[in-house]
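Single-letter residue listing:
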Protein chains: 2
Amino acid sequence: MIEVERKNTRKEQVIQTATELFKDKGYAATSMRDLANELGIEAASLYYHIKSKEEILQSICFEMADAFIQGLDDVEHRDISNREKLYQGIINHTKVIARDLPAAAVFLNEYRYLSAPWLKKFLRLRINYINRFKKIIEDGIKEGEFKNVNKKLAVMTIFSSLNWMPNWYNPKGKIDPEAVSKQLAQLLINGLG
Amino acid sequence: MIEVERKNTRKEQVIQTATELFKDKGYAATSMRDLANELGIEAASLYYHIKSKEEILQSICFEMADAFIQGLDDVEHRDISNREKLYQGIINHTKVIARDLPAAAVFLNEYRYLSAPWLKKFLRLRINYINRFKKIIEDGIKEGEFKNVNKKLAVMTIFSSLNWMPNWYNPKGKIDPEAVSKQLAQLLINGLG
DNA sequence: CCTACCGATCGGTAGG
DNA sequence: CCTACCGATCGGTAGG
(Lines give C-alpha, C1' and ligand atoms only; values in the text may rest on other atoms or scores of the structure.)
Protein backbone atom coordinates (compact mmCIF):
# COMPACT_ATOMS: atom_id res chain seq x y z
CA MET A 1 0.00 0.00 0.00
CA ILE A 2 2.69 2.42 0.97
CA GLU A 3 4.55 1.15 -2.07
CA VAL A 4 1.65 2.06 -4.33
CA GLU A 5 1.28 5.46 -2.77
CA ARG A 6 4.95 6.23 -3.24
CA LYS A 7 4.76 5.19 -6.86
CA ASN A 8 1.81 7.48 -7.47
CA THR A 9 3.31 10.57 -5.97
CA ARG A 10 6.61 9.97 -7.75
CA LYS A 11 4.73 9.66 -11.03
CA GLU A 12 2.95 12.92 -10.30
CA GLN A 13 6.30 14.47 -9.59
CA VAL A 14 7.57 13.31 -12.97
CA ILE A 15 4.51 14.74 -14.68
CA GLN A 16 4.72 18.03 -12.86
CA THR A 17 8.39 18.49 -13.68
CA ALA A 18 7.67 17.55 -17.29
CA THR A 19 4.86 20.09 -17.38
CA GLU A 20 7.22 22.87 -16.45
CA LEU A 21 9.81 21.78 -19.00
CA PHE A 22 7.21 21.40 -21.75
CA LYS A 23 5.98 24.87 -20.95
CA ASP A 24 9.45 26.44 -20.96
CA LYS A 25 11.11 24.63 -23.84
CA GLY A 26 8.19 23.16 -25.75
CA TYR A 27 7.27 19.47 -25.92
CA ALA A 28 9.37 18.62 -28.97
CA ALA A 29 12.44 20.40 -27.67
CA THR A 30 12.30 18.76 -24.25
CA SER A 31 14.24 15.51 -24.13
CA MET A 32 13.72 12.68 -21.71
CA ARG A 33 17.28 13.34 -20.61
CA ASP A 34 16.34 16.95 -19.76
CA LEU A 35 13.49 15.62 -17.66
CA ALA A 36 15.59 12.94 -15.96
CA ASN A 37 18.27 15.49 -15.23
CA GLU A 38 15.78 17.82 -13.57
CA LEU A 39 14.66 14.93 -11.37
CA GLY A 40 18.17 13.76 -10.60
CA ILE A 41 17.78 10.32 -12.15
CA GLU A 42 18.85 8.53 -15.35
CA ALA A 43 16.71 8.86 -18.47
CA ALA A 44 16.06 5.13 -18.62
CA SER A 45 14.65 5.23 -15.09
CA LEU A 46 11.77 7.43 -16.20
CA TYR A 47 10.25 4.42 -17.91
CA TYR A 48 9.65 2.78 -14.59
CA HIS A 49 7.12 5.56 -13.88
CA ILE A 50 5.67 6.30 -17.29
CA LYS A 51 5.12 4.40 -20.53
CA SER A 52 6.32 7.05 -22.94
CA LYS A 53 7.01 10.73 -23.39
CA GLU A 54 3.65 11.18 -25.02
CA GLU A 55 1.79 9.55 -22.17
CA ILE A 56 2.86 12.51 -20.06
CA LEU A 57 1.49 14.96 -22.59
CA GLN A 58 -1.75 13.02 -22.77
CA SER A 59 -2.34 13.11 -19.06
CA ILE A 60 -1.65 16.85 -18.91
CA CYS A 61 -3.95 17.66 -21.82
CA PHE A 62 -6.89 15.50 -20.86
CA GLU A 63 -6.83 16.34 -17.17
CA MET A 64 -6.98 20.01 -18.06
CA ALA A 65 -9.75 19.35 -20.57
CA ASP A 66 -11.79 17.64 -17.84
CA ALA A 67 -11.34 20.59 -15.52
CA PHE A 68 -12.52 23.09 -18.13
CA ILE A 69 -15.54 21.01 -19.04
CA GLN A 70 -16.53 20.59 -15.43
CA GLY A 71 -16.30 24.34 -14.91
CA LEU A 72 -18.75 24.89 -17.73
CA ASP A 73 -21.10 22.13 -16.57
CA ASP A 74 -21.36 24.02 -13.32
CA VAL A 75 -22.93 27.12 -14.83
CA GLU A 76 -24.61 25.99 -18.01
CA HIS A 77 -27.88 24.79 -16.59
CA ARG A 78 -28.33 27.30 -13.81
CA ASP A 79 -31.41 29.45 -13.96
CA ILE A 80 -29.61 32.69 -14.67
CA SER A 81 -29.40 35.09 -17.60
CA ASN A 82 -27.10 34.35 -20.50
CA ARG A 83 -25.06 37.37 -19.60
CA GLU A 84 -24.57 35.93 -16.14
CA LYS A 85 -23.80 32.48 -17.58
CA LEU A 86 -21.13 33.96 -19.81
CA TYR A 87 -19.71 35.95 -16.93
CA GLN A 88 -19.54 32.91 -14.65
CA GLY A 89 -18.26 30.69 -17.44
CA ILE A 90 -15.41 33.09 -18.06
CA ILE A 91 -14.60 33.19 -14.36
CA ASN A 92 -14.53 29.40 -14.10
CA HIS A 93 -12.34 29.12 -17.19
CA THR A 94 -9.92 31.65 -15.77
CA LYS A 95 -9.82 29.87 -12.44
CA VAL A 96 -8.85 26.58 -14.07
CA ILE A 97 -6.00 28.36 -15.83
CA ALA A 98 -4.84 30.18 -12.73
CA ARG A 99 -4.89 27.01 -10.63
CA ASP A 100 -2.05 25.52 -12.69
CA LEU A 101 -0.46 27.93 -15.13
CA PRO A 102 2.21 25.58 -16.51
CA ALA A 103 -0.33 22.84 -17.18
CA ALA A 104 -2.61 25.40 -18.83
CA ALA A 105 0.23 26.58 -21.04
CA VAL A 106 0.97 23.02 -22.14
CA PHE A 107 -2.71 22.30 -22.71
CA LEU A 108 -2.97 25.39 -24.88
CA ASN A 109 0.28 25.26 -26.84
CA GLU A 110 1.55 21.69 -26.91
CA TYR A 111 -1.60 19.62 -27.54
CA ARG A 112 -0.71 19.50 -31.22
CA TYR A 113 2.03 16.97 -30.47
CA LEU A 114 -0.60 14.45 -29.44
CA SER A 115 -0.58 11.54 -31.87
CA ALA A 116 -3.17 9.69 -33.93
CA PRO A 117 -6.32 8.93 -31.91
CA TRP A 118 -5.60 11.36 -29.08
CA LEU A 119 -5.30 14.50 -31.11
CA LYS A 120 -8.69 13.94 -32.71
CA LYS A 121 -10.27 13.17 -29.38
CA PHE A 122 -8.75 16.31 -27.91
CA LEU A 123 -9.94 18.52 -30.75
CA ARG A 124 -13.43 17.07 -30.44
CA LEU A 125 -13.56 18.01 -26.78
CA ARG A 126 -12.28 21.48 -27.53
CA ILE A 127 -14.71 22.29 -30.31
CA ASN A 128 -17.53 21.03 -28.13
CA TYR A 129 -16.52 23.27 -25.27
CA ILE A 130 -16.25 26.30 -27.53
CA ASN A 131 -19.63 25.60 -29.09
CA ARG A 132 -21.29 25.58 -25.70
CA PHE A 133 -19.96 29.08 -25.07
CA LYS A 134 -21.09 30.10 -28.53
CA LYS A 135 -24.58 28.86 -27.69
CA ILE A 136 -24.69 31.07 -24.61
CA ILE A 137 -23.73 34.09 -26.70
CA GLU A 138 -26.27 33.12 -29.36
CA ASP A 139 -29.04 32.79 -26.80
CA GLY A 140 -27.96 36.05 -25.24
CA ILE A 141 -28.22 37.85 -28.56
CA LYS A 142 -31.69 36.41 -29.14
CA GLU A 143 -32.82 37.59 -25.72
CA GLY A 144 -31.39 41.03 -26.41
CA GLU A 145 -28.81 40.71 -23.65
CA PHE A 146 -25.92 41.16 -26.07
CA LYS A 147 -25.39 43.25 -29.15
CA ASN A 148 -25.86 41.49 -32.45
CA VAL A 149 -22.15 40.88 -33.01
CA ASN A 150 -20.36 38.27 -35.10
CA LYS A 151 -20.67 35.19 -32.86
CA LYS A 152 -17.55 33.41 -34.06
CA LEU A 153 -15.54 36.55 -33.60
CA ALA A 154 -16.98 37.16 -30.16
CA VAL A 155 -16.27 33.68 -28.90
CA MET A 156 -12.77 33.68 -30.36
CA THR A 157 -12.06 37.05 -28.79
CA ILE A 158 -13.13 35.75 -25.41
CA PHE A 159 -11.07 32.59 -25.56
CA SER A 160 -8.02 34.27 -26.89
CA SER A 161 -8.08 36.73 -24.02
CA LEU A 162 -8.54 34.01 -21.45
CA ASN A 163 -6.01 31.70 -23.00
CA TRP A 164 -3.31 34.31 -23.19
CA MET A 165 -3.24 34.49 -19.40
CA PRO A 166 -0.40 31.99 -18.93
CA ASN A 167 1.72 34.34 -21.02
CA TRP A 168 1.47 37.33 -18.75
CA TYR A 169 -0.18 36.51 -15.45
CA ASN A 170 2.21 36.47 -12.52
CA PRO A 171 0.74 34.47 -9.63
CA LYS A 172 3.11 36.25 -7.26
CA GLY A 173 2.01 39.69 -8.45
CA LYS A 174 -0.47 42.04 -6.79
CA ILE A 175 -3.63 40.86 -8.54
CA ASP A 176 -5.08 37.61 -7.26
CA PRO A 177 -6.68 35.19 -9.73
CA GLU A 178 -10.19 35.96 -8.50
CA ALA A 179 -9.77 39.64 -9.26
CA VAL A 180 -8.22 38.95 -12.67
CA SER A 181 -11.13 36.71 -13.57
CA LYS A 182 -13.63 39.39 -12.68
CA GLN A 183 -11.81 42.23 -14.38
CA LEU A 184 -11.30 40.18 -17.51
CA ALA A 185 -14.95 39.15 -17.66
CA GLN A 186 -16.00 42.77 -17.11
CA LEU A 187 -13.70 44.08 -19.79
CA LEU A 188 -14.83 41.56 -22.35
CA ILE A 189 -18.52 42.07 -21.74
CA ASN A 190 -18.52 45.82 -21.26
CA GLY A 191 -15.58 46.93 -23.39
CA LEU A 192 -12.98 49.55 -22.88
CA GLY A 193 -14.75 52.58 -24.27
CA MET B 1 22.22 39.50 -62.53
CA ILE B 2 19.71 36.89 -63.48
CA GLU B 3 21.76 34.47 -61.38
CA VAL B 4 21.45 36.69 -58.34
CA GLU B 5 17.76 37.16 -58.85
CA ARG B 6 17.16 33.45 -59.13
CA LYS B 7 19.12 32.85 -55.96
CA ASN B 8 17.02 35.36 -54.07
CA THR B 9 13.68 34.00 -55.09
CA ARG B 10 14.81 30.46 -54.36
CA LYS B 11 15.89 31.53 -50.90
CA GLU B 12 12.52 33.15 -50.38
CA GLN B 13 10.91 29.93 -51.51
CA VAL B 14 12.91 28.03 -48.92
CA ILE B 15 11.86 30.48 -46.21
CA GLN B 16 8.24 30.43 -47.22
CA THR B 17 8.08 26.66 -47.23
CA ALA B 18 9.86 26.58 -43.89
CA THR B 19 7.36 29.09 -42.52
CA GLU B 20 4.48 26.79 -43.32
CA LEU B 21 6.23 23.77 -41.81
CA PHE B 22 7.21 25.68 -38.67
CA LYS B 23 3.62 26.78 -38.32
CA ASP B 24 2.18 23.30 -38.80
CA LYS B 25 4.68 21.16 -36.90
CA GLY B 26 6.51 23.67 -34.74
CA TYR B 27 10.10 24.82 -35.21
CA ALA B 28 11.74 22.15 -33.05
CA ALA B 29 9.75 19.32 -34.61
CA THR B 30 10.50 20.40 -38.17
CA SER B 31 13.66 18.80 -39.52
CA MET B 32 15.79 20.10 -42.33
CA ARG B 33 14.96 16.84 -44.10
CA ASP B 34 11.24 17.66 -43.83
CA LEU B 35 11.94 21.01 -45.41
CA ALA B 36 14.18 19.60 -48.14
CA ASN B 37 11.58 16.96 -48.90
CA GLU B 38 8.87 19.56 -49.31
CA LEU B 39 11.11 21.40 -51.77
CA GLY B 40 12.13 18.25 -53.63
CA ILE B 41 15.82 18.57 -52.87
CA GLU B 42 18.34 16.94 -50.52
CA ALA B 43 18.76 18.25 -46.98
CA ALA B 44 22.41 19.16 -47.57
CA SER B 45 21.41 21.33 -50.51
CA LEU B 46 19.49 23.69 -48.26
CA TYR B 47 22.78 25.01 -46.97
CA TYR B 48 23.54 26.52 -50.34
CA HIS B 49 20.62 28.91 -49.73
CA ILE B 50 20.71 29.44 -45.99
CA LYS B 51 23.33 29.36 -43.26
CA SER B 52 21.40 27.44 -40.67
CA LYS B 53 17.95 26.37 -39.55
CA GLU B 54 17.84 29.21 -37.09
CA GLU B 55 18.67 31.81 -39.70
CA ILE B 56 15.31 31.01 -41.25
CA LEU B 57 13.52 31.56 -37.98
CA GLN B 58 15.39 34.82 -37.47
CA SER B 59 14.36 36.23 -40.80
CA ILE B 60 10.72 35.31 -40.23
CA CYS B 61 10.60 36.78 -36.74
CA PHE B 62 12.40 40.04 -37.43
CA GLU B 63 10.68 40.77 -40.71
CA MET B 64 7.33 40.41 -38.98
CA ALA B 65 8.53 42.57 -36.10
CA ASP B 66 9.47 45.31 -38.58
CA ALA B 67 6.06 45.17 -40.18
CA PHE B 68 4.25 45.52 -36.86
CA ILE B 69 6.41 48.40 -35.74
CA GLN B 70 5.91 50.24 -39.01
CA GLY B 71 2.16 49.83 -38.69
CA LEU B 72 2.25 51.49 -35.31
CA ASP B 73 4.59 54.28 -36.45
CA ASP B 74 1.95 55.14 -39.03
CA VAL B 75 -0.72 56.04 -36.49
CA GLU B 76 1.11 57.02 -33.35
CA HIS B 77 1.84 60.63 -34.17
CA ARG B 78 -1.27 61.50 -36.10
CA ASP B 79 -3.39 64.30 -34.72
CA ILE B 80 -6.32 62.11 -33.72
CA SER B 81 -7.93 61.04 -30.46
CA ASN B 82 -6.43 58.21 -28.46
CA ARG B 83 -9.53 56.18 -29.11
CA GLU B 84 -8.97 56.60 -32.82
CA LYS B 85 -5.26 55.83 -32.46
CA LEU B 86 -6.09 52.62 -30.66
CA TYR B 87 -8.66 51.72 -33.26
CA GLN B 88 -6.29 52.34 -36.15
CA GLY B 89 -3.42 50.63 -34.35
CA ILE B 90 -5.54 47.53 -33.91
CA ILE B 91 -6.51 47.59 -37.56
CA ASN B 92 -2.89 47.88 -38.70
CA HIS B 93 -1.82 45.09 -36.42
CA THR B 94 -4.58 42.85 -37.73
CA LYS B 95 -3.65 43.66 -41.30
CA VAL B 96 -0.05 42.62 -40.76
CA ILE B 97 -1.27 39.30 -39.38
CA ALA B 98 -3.78 38.75 -42.17
CA ARG B 99 -1.22 39.53 -44.87
CA ASP B 100 0.78 36.42 -43.98
CA LEU B 101 -0.92 34.13 -41.49
CA PRO B 102 1.76 31.41 -41.40
CA ALA B 103 4.52 33.95 -40.78
CA ALA B 104 2.39 35.56 -38.08
CA ALA B 105 1.86 32.19 -36.41
CA VAL B 106 5.60 31.51 -36.41
CA PHE B 107 6.35 35.00 -35.13
CA LEU B 108 3.88 34.50 -32.29
CA ASN B 109 4.56 30.91 -31.27
CA GLU B 110 8.06 29.96 -32.34
CA TYR B 111 10.15 33.01 -31.48
CA ARG B 112 11.19 31.33 -28.25
CA TYR B 113 13.54 29.05 -30.20
CA LEU B 114 15.65 32.04 -31.14
CA SER B 115 19.09 31.70 -29.52
CA ALA B 116 21.30 33.88 -27.36
CA PRO B 117 21.48 37.47 -28.69
CA TRP B 118 18.45 37.23 -30.96
CA LEU B 119 15.91 36.22 -28.40
CA LYS B 120 16.76 39.17 -26.20
CA LYS B 121 16.65 41.55 -29.13
CA PHE B 122 13.30 40.15 -30.15
CA LEU B 123 11.81 40.47 -26.67
CA ARG B 124 13.07 44.04 -26.44
CA LEU B 125 11.26 44.95 -29.65
CA ARG B 126 8.11 43.25 -28.45
CA ILE B 127 7.95 44.89 -25.04
CA ASN B 128 8.56 48.24 -26.71
CA TYR B 129 5.71 47.73 -29.13
CA ILE B 130 3.35 46.70 -26.35
CA ASN B 131 4.32 49.67 -24.23
CA ARG B 132 3.47 52.08 -27.01
CA PHE B 133 -0.03 50.65 -27.11
CA LYS B 134 -0.20 50.86 -23.34
CA LYS B 135 0.70 54.54 -23.58
CA ILE B 136 -2.20 55.17 -25.93
CA ILE B 137 -4.58 53.52 -23.49
CA GLU B 138 -3.05 55.45 -20.61
CA ASP B 139 -3.43 58.76 -22.42
CA GLY B 140 -6.95 57.80 -23.39
CA ILE B 141 -7.86 57.15 -19.78
CA LYS B 142 -6.40 60.51 -18.72
CA GLU B 143 -8.41 62.28 -21.40
CA GLY B 144 -11.56 60.48 -20.30
CA GLU B 145 -11.87 58.60 -23.60
CA PHE B 146 -11.65 55.20 -21.93
CA LYS B 147 -12.91 53.80 -18.65
CA ASN B 148 -10.40 53.66 -15.85
CA VAL B 149 -9.59 49.98 -16.38
CA ASN B 150 -6.50 47.97 -15.45
CA LYS B 151 -4.07 49.03 -18.18
CA LYS B 152 -1.98 45.87 -18.23
CA LEU B 153 -5.09 43.76 -18.43
CA ALA B 154 -6.56 45.92 -21.18
CA VAL B 155 -3.48 45.81 -23.36
CA MET B 156 -3.03 42.06 -22.84
CA THR B 157 -6.66 41.47 -23.72
CA ILE B 158 -6.26 43.40 -26.91
CA PHE B 159 -3.11 41.62 -28.02
CA SER B 160 -4.35 38.21 -27.11
CA SER B 161 -7.43 38.74 -29.24
CA LEU B 162 -5.44 40.01 -32.17
CA ASN B 163 -2.75 37.38 -31.87
CA TRP B 164 -5.17 34.51 -31.74
CA MET B 165 -6.27 35.30 -35.28
CA PRO B 166 -3.89 32.86 -37.00
CA ASN B 167 -5.60 30.13 -35.01
CA TRP B 168 -9.07 30.66 -36.39
CA TYR B 169 -9.13 33.08 -39.29
CA ASN B 170 -9.75 31.45 -42.64
CA PRO B 171 -8.55 33.71 -45.46
CA LYS B 172 -10.79 31.84 -47.88
CA GLY B 173 -13.90 32.33 -45.71
CA LYS B 174 -16.61 34.92 -46.11
CA ILE B 175 -15.13 37.67 -43.96
CA ASP B 176 -12.32 39.64 -45.55
CA PRO B 177 -9.42 40.81 -43.39
CA GLU B 178 -10.53 44.43 -43.53
CA ALA B 179 -13.91 43.56 -42.04
CA VAL B 180 -12.37 41.32 -39.38
CA SER B 181 -10.05 44.13 -38.34
CA LYS B 182 -12.92 46.53 -37.94
CA GLN B 183 -15.21 44.14 -36.13
CA LEU B 184 -12.44 43.10 -33.79
CA ALA B 185 -11.51 46.68 -32.99
CA GLN B 186 -15.17 47.53 -32.40
CA LEU B 187 -15.73 44.56 -30.15
CA LEU B 188 -12.69 45.29 -28.03
CA ILE B 189 -13.43 48.96 -27.60
CA ASN B 190 -17.18 48.76 -27.18
CA GLY B 191 -17.65 45.33 -25.65
CA LEU B 192 -20.24 42.70 -26.15
CA GLY B 193 -22.91 43.83 -23.71
C1' DC C 1 22.30 21.25 -56.21
C1' DC C 2 24.26 16.13 -55.09
C1' DT C 3 26.86 12.15 -52.68
C1' DA C 4 28.91 10.74 -48.77
C1' DC C 5 29.36 11.30 -44.34
C1' DC C 6 30.07 13.11 -39.20
C1' DG C 7 29.40 13.44 -34.17
C1' DA C 8 25.62 14.24 -31.18
C1' DT C 9 21.41 13.24 -29.51
C1' DC C 10 16.88 11.21 -29.64
C1' DG C 11 13.06 7.89 -27.35
C1' DG C 12 13.15 3.67 -25.66
C1' DT C 13 14.46 -1.56 -24.21
C1' DA C 14 16.83 -5.53 -21.75
C1' DG C 15 18.23 -7.14 -17.77
C1' DG C 16 19.22 -6.51 -13.38
C1' DC D 1 16.13 3.07 -10.05
C1' DC D 2 20.85 1.79 -12.70
C1' DT D 3 24.17 0.14 -16.54
C1' DA D 4 24.63 -0.80 -21.05
C1' DC D 5 23.01 -0.26 -25.19
C1' DC D 6 20.06 0.14 -29.78
C1' DG D 7 18.47 1.93 -34.28
C1' DA D 8 16.88 6.22 -35.96
C1' DT D 9 17.34 10.77 -36.74
C1' DC D 10 19.22 15.30 -35.98
C1' DG D 11 21.79 19.80 -37.96
C1' DG D 12 25.46 20.43 -40.54
C1' DT D 13 30.21 19.93 -43.46
C1' DA D 14 33.49 18.49 -47.29
C1' DG D 15 34.12 18.18 -51.75
C1' DG D 16 32.44 18.18 -55.99
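The structure reproduced in this document is the subject of the present report. Nothing here was measured: the structure is a model prediction, and the numbers come from that model.

**Side note on the overall build of chain A**
In step 1: Across its full length, chain A holds nine helices and zero strands.
In step 2: The helix and strand sequence of chain A, counted from the amino end, reads α-α-α-α-α-α-α-α-α.
In step 3: When its C-alpha atoms are laid out on the principal axes, chain A stretches across 60 × 40 × 35 Å.
In step 4: By sequence separation, contacts in chain A at least 24 residues apart represent 68% of the contacts at least 6 residues apart.
In step 5: Accessible surface, chain A as shown: approximately 10,000 Å² in total, 49% of it carbon and sulfur.

**Concerning the packing of helix 7 (residues 116-142) of chain A against helix 8 (residues 151-163) of chain A**
All names here are of chain A.
In step 1: The interhelical angle for the contact between helix 7 and helix 8, taken along N-to-C directions, is 125°, at an axis separation of 10 Å. Overall, the two elements helix 7 and helix 8 adopt an arrangement that is oblique. Judged by the sense of rotation from one axis to the other, the crossing of helix 7 with helix 8 is right-handed. In this structure, helix 7 contributes Tyr129, Ile130, Phe133, Lys134, Ile137, Glu138 and Ile141 to the contact, and helix 8 contributes Lys151, Lys152, Ala154, Val155, Met156, Ile158 and Phe159.

**A short note on the protein's contact with DNA strand D**
In step 1: With respect to spatial proximity, 15 residues lie near DNA strand D, and among them A:Arg10, A:Glu42, A:Ser45, B:Met32 and B:Arg33 are the closest.
In step 2: Counting only atoms of DNA strand D within 4 Å of the protein, the fraction found in sugar and phosphate groups is 56%.
In step 3: Measuring from a phosphate oxygen of DNA strand D, one finds a side-chain N or O atom of A:Ser45 at 2.4 Å.
In step 4: B:Ser31 places a polar side-chain atom, nitrogen or oxygen, 3.3 Å from a phosphate oxygen of DNA strand D.
In step 5: The set of elements that each furnish at least two residues to the surface near DNA strand D consists of helix 3 (46-49) of chain A together with helix 2 (32-39) of chain B.
In step 6: Residues that form the surface near DNA strand D fall into these classes: six nonpolar, five polar and four charged.

**Focus: the packing of aromatic side chains**
Residue and element names in this part refer to chain A.
In step 1: Within the structure shown, the criterion is met by 24 aromatic pairs over all chains.
In step 2: Residues Tyr129 and Phe133 carry aromatic rings whose centres are separated by 5.3 Å and whose planes lie at 65° to one another, so their mutual orientation is edge-to-face. Note that Tyr129 and Phe133 are positioned in helix 7 at a spacing of four residues, about one turn of the helix. Of the two residues, Tyr129 and Phe133, neither departs from the other in class, the shared state being buried.
In step 3: An aromatic cluster of at least three residues, connected via ring pairs, comprises Phe62, Phe68, Phe107, Tyr111, Trp118, Phe122, Tyr129, Phe133 and Phe159.
In step 4: Across from the ring centre of Tyr27, 4.4 Å away, lies the NZ or CZ of Lys53, which sits over that ring.

**A closer look at the protein's contact with DNA strand C**
In step 1: If you check the shell around DNA strand C, you find 15 residues, and the closest are A:Met32, A:Arg33, B:Arg10, B:Glu42 and B:Ser45.
In step 2: What you see for DNA strand C is that sugar and phosphate hold 55% of its atoms within 4 Å of the protein.
In step 3: Here a phosphate oxygen of DNA strand C and a backbone polar atom of A:Met32 are 2.7 Å apart.
In step 4: B:His49 places a polar side-chain atom, nitrogen or oxygen, 3.5 Å from a phosphate oxygen of DNA strand C.
In step 5: Residue composition of the surface near DNA strand C, by class: six nonpolar, five polar and four charged.

Calculation rules
- Residue numbers run consecutively from 1 along every chain, following the written order of its sequence.
- Each chain is given a letter, starting from A, and each ligand a number, starting from 1, according to the order in which they appear as written.
- A pLDDT threshold of at least 70 governs which residues receive local features in this predicted model, and a stricter bar of 80 or more applies before side-chain atom pairs are shown or counted, although totals over entire chains, interfaces and linings include all residues.
- Excluded from the side-chain calculation are hydrogens and water; included are all heavy atoms of the structure.
- Helix and strand assignments follow DSSP, with helices taken as H or I runs no shorter than four residues and strands as E runs no shorter than two, numbered in order from the N terminus.
- It only takes one pair of heavy atoms within 4.5 Å for two residues to be counted as in contact.
- In this description, accessible areas are obtained by the Shrake-Rupley approach with a 1.4 Å probe, and a residue is regarded as covered only by the protein chains that are shown.
- Here the axes come from fitting lines to C-alpha atoms, over the contacting stretch only for helices, and the angles between their N-to-C directions go from 0 to 180 degrees.
- For classification purposes, an angle smaller than 35 degrees is called roughly parallel, one larger than 145 roughly antiparallel, one from 65 to 115 roughly perpendicular, and anything else oblique.
- Should the near helix be turned counterclockwise from the far one by less than a right angle, the crossing is left-handed, whereas a clockwise turn marks it as right-handed.
- Only heavy atoms are used to decide nearness, and a residue is near a molecule or strand if one of them lies within 4 Å of it.
- As used in this structure description, the phrase polar contact means that two N or O atoms lie within 3.5 Å; if the pair is within protein, one of them must be able to donate a hydrogen and the other to accept it, and residues adjacent in sequence are counted only when both atoms belong to side chains.
- When residues are grouped by polarity, Ala, Val, Leu, Ile, Met, Phe, Trp, Tyr, Cys and Pro land in nonpolar, Asp, Glu, Lys and Arg in charged, and all others, Gly among them, in polar.
- What counts as a ring pair is set by centres within 6.5 Å for rings of Phe, Tyr and Trp (its six-membered ring), and what kind of pair is set by the plane angle: stacked under 30 degrees, edge-to-face over 60, tilted for all other angles.
- Only protein chains enter the calculation, and the probe is 1.4 Å; a residue is then buried if its accessible area is under 20% of its type maximum, exposed if over 50%, and partly exposed in between.
- Criterion for a charge above a ring: Arg CZ or Lys NZ at most 6 Å from the ring centre, at most 35 degrees from the ring normal.

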